[in-house]
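An overview of the molecular structure
One-letter residues, chain by chain:
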Protein chains: 2
Amino acid sequence: MTEEQFIESLTTGWKTKNAQLVGVGDDCAVVRASGSGFGSALLLKADAVVEGVHFLRTADPMLIGRKALARAVSDVAAMGGVPRYALVTLGLPSGFQPVRIQKIYKGITALAKEWKIELLGGETTRTRDLVLSISLVGECSGYDPVLRSTAKEGDEIWVSGFLGNTQTVKHFTFEPRVREGKWLAEKKIASSMMDLSDGLGLDLPRLARASGLSFELALDQIPCAKGATLKQAFREGEDYELLWTVSPEKKEWRKKFPFATKIQKIGVMKKRSFKIAESVKELLHGYDHLQKR
Amino acid sequence: MTEEQFIESLTTGWKTKNAQLVGVGDDCAVVRASGSGFGSALLLKADAVVEGVHFLRTADPMLIGRKALARAVSDVAAMGGVPRYALVTLGLPSGFQPVRIQKIYKGITALAKEWKIELLGGETTRTRDLVLSISLVGECSGYDPVLRSTAKEGDEIWVSGFLGNTQTVKHFTFEPRVREGKWLAEKKIASSMMDLSDGLGLDLPRLARASGLSFELALDQIPCAKGATLKQAFREGEDYELLWTVSPEKKEWRKKFPFATKIQKIGVMKKRSFKIAESVKELLHGYDHLQKR
């Protein structure tokens, strides 16, 4: 059993039997309301960043705070949701620098303001390493969230932005694709969607597995970031771009896409039995999500 | 500036202007729905336990998992809510023992089952110390949550259970007062409420401060647990009992209280200018919540 399989095994008893809910295995959990109080679906996301794992002690504290919240926002965006409310749990090592912690909170507060997220509190506890744990509630108001398990054979595979070369700056400064994700969900364009946090090479196989399918990629169509090799575009992780599928019957949507964000068709979803080309297989596997910076 | 004041200062910019919301400073954040989809109010709580701070490495792993979730459930109960959905973020040190982690998750799962909480997933990350961070969503369906800031002068002060002697077993095995809290909220008995996590000596002053009041206590009425001194009953913390206030005009409620749980009147809320007796003052101050086990 690999470590990832072990982690997955911990929550296997958690499969919800409630058809109104989406539990383990997607970008967010989904709680559907029968009435209209919160629209049709609430998205719940919990995510933590840890010093020495997700950021270095020397990193700009404003960017550390920004990243902590932005990662969770990206997961809400990945289902087409709009982020609404957040709680912050701070794990504080002894001997912390007050000014640094204040700047981290400024980074959180600034991003929350940008996306009109209400920061509703949180808790503080002692830890050995600085930990920022975010609980985020998002909403799909009047439309359904897009899952990663609903791609269909023959659907086109699309990505936003450019992939790779994330580790110097972009893993801190990425813009969560909230508007793009909402548009793709609300207009019912995307048949499945997720965000790329562990790299296309790990995340696309996850989407395919969740949908019970395989895939074919056009490697010359992968939008590599400046300075990134194809391998880095697949494996580096922390792109926080959207990955989604679209039925080939939807034809006009590309022209109507109202954002300047680059989007690119990179392949097609195939039957589960479809054999992935060796040249693609080599590029798969992101890093283990426990090793992630 | 004390450490607690510093922590409070981090979130001072987070005062919500939305009257539909309750943010920083209560047991949970409250999000009110205008419609009926989720009843009238959702309660949001994030809470973390850390090895070496909230439990020792040698503790029974089932009880560690139980405690992680039960603490958050107690905060939902403290507003009269019913716990509904939870996410678990696991911070995993390298070289962890798989069987121990599985038992921790069994402890979480067992308590969730007991309270009919849907476990909807979570994230895993690397940490140096084992961290369990819980995001819990609760609900007050058709009635208002009870805040800690709404006690009135002259209200009686009540507590559930027995206080103190928590550190050997009770900090692991306490029963969150969900039924009692819901009854006190739904029947509109409690004018204010919170749970005792840091000890009566720290938490009652918090409730009084939030309500802009002072208080008078009958020290001979404090329900000390077997083996606990009065000082321990005030200062030990981790009782996870309810503390609430009731208008003296509500007379019949005590007879109608439908639970076997001991409840006890311990004092009266007074004007802010009321001078607390020296004998009581000595017993105040819990430990700093950053030092909490």
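Residues numbered from 1 in each chain as written. Chains lettered and ligands numbered in written order. Predicted model: local features only at pLDDT ≥ 70, side-chain atom pairs only at ≥ 80, totals over all residues.

On to the interface of chain A and chain B. Taken together, the 53 residues of chain A in the interface contact 53 residues of chain B. Going through the elements one at a time, helix H1 (3-10), strand E2 (29-32), strand E3 (41-50), strand E4 (82-92), helix H3 (98-114), strand E5 (118-126) and strand E6 (131-140) of chain A are the ones with two or more residues in the side of chain A that touches chain B. With 9 residues, the top contributor of residues to the side of chain A that touches chain B is E5(A). The class makeup of the residues in the side of chain A that touches chain B is 26 nonpolar, 21 polar and 6 charged. (Contact = placed C-beta atoms within 7 Å. Helix = DSSP H or I, 4+ residues; strand = E, 2+ residues; numbered from the N terminus. Nonpolar A, V, L, I, M, F, W, Y, C, P; charged D, E, K, R; others polar.)

Below, the discussion takes up unusual backbone geometry. Residues and elements named next belong to chain B. Unusually for a residue other than glycine, Lys116 sits at a positive phi of about 55°. Structurally, the position occupied by Lys116 is in the loop between helix H3 (98-114) and strand E5 (118-126). Phi angles above zero are rare outside glycine, and Lys188 is one such case at about 55°. Mapped onto the fold, Lys188 is located in the loop between helix H5 (178-186) and strand E8 (190-195). Given 14 C-beta atoms within a 10 Å radius, Lys188 is considered partly exposed. (Buried ≥ 20, exposed ≤ 12 C-beta atoms within 10 Å, placed from the backbone.)

Glancing now at the sheet that holds E8(B). Residue and element names in this part refer to chain B. The 5 strands lie next to each other as E8-E10-E7-E11-E9, forming an open sheet whose pairing is antiparallel. Two strands in the sheet have a free side with no partner beyond their single neighbour: E8 and strand E9 (214-217). Between one strand axis and the next, the sheet turns through 30° on average, direction left out of account. Here 5 bridges tie strand E7 (residues 156-160) to strand E11 (residues 263-270), and the two strands are oriented antiparallel to one another. (Pairing = 2+ DSSP bridges. Axes fitted to C-alpha atoms, helices over the stretch in contact; angles between N-to-C directions.)

This next bit is on the relation of the copies chain A and chain B. For these two chains of identical sequence, chain A goes onto chain B by a turn of 180° and a shift of 0.0 Å along the axis, with RMSD 0.0 Å. Here the copies are linked by what is in effect a two-fold axis. Comparing interface residues between copies, 100% of those in chain A also sit at the interface in chain B, which points to an isologous, same-surface contact. (Least-squares fit on C-alpha atoms with pLDDT ≥ 70 in both.)

Here the focus is the domain arrangement of chain A. All names here are of chain A. Here chain A is partitioned into domain 1 (3-140) and domain 2 (156-281). Taken over C-alpha atoms, the centre of domain 1 sits 22 Å from the centre of domain 2. Contributions of two or more residues to the side of domain 1 that touches domain 2 are made by helix H2 (61-77) and E4. It is H2 that contributes the most residues to the side of domain 1 that touches domain 2, 8 residues altogether. The residue inventory of the side of domain 1 that touches domain 2, partitioned by class, reads 10 nonpolar, 3 polar and 4 charged. (Domains from an automatic or database assignment.)

Residues and elements named next belong to chain B. Counting through the fold element by element, Glu51 comes out in the loop between strand E3 (41-50) and helix H2 (61-77). Sequence separation of Glu51 and Asp129 is 78 residues, and the distance between their C-alpha atoms is 5.9 Å. Those residues in contact with Glu51, other than ones at most four positions away along the chain, are Arg57, Asp129 and Leu130.

Moving on: the packing of H2(B) against H3(B). Residues and elements named next belong to chain B. Closest axis-to-axis distance for the H2/H3 pair is 6 Å, and the angle between their directions is 45°. Here H3 runs oblique to H2, going by the angle between their axes. The chirality of how H2 crosses H3 is right-handed. Across the interface between the two elements, Pro61, Met62, Leu63, Ile64, Gly65, Arg66, Ala68, Leu69 and Ala70 from H2 touch Arg100, Lys103, Ile104, Tyr105, Lys106, Gly107, Ile108, Ala110, Leu111 and Ala112 from H3. Class assignment for the residues of the contact of H2 with H3 results in 13 nonpolar, 2 polar and 4 charged. (Parallel < 35°, antiparallel > 145°, perpendicular 65-115°, else oblique. Left-handed = near helix turned anticlockwise from the far one by under 90°.)

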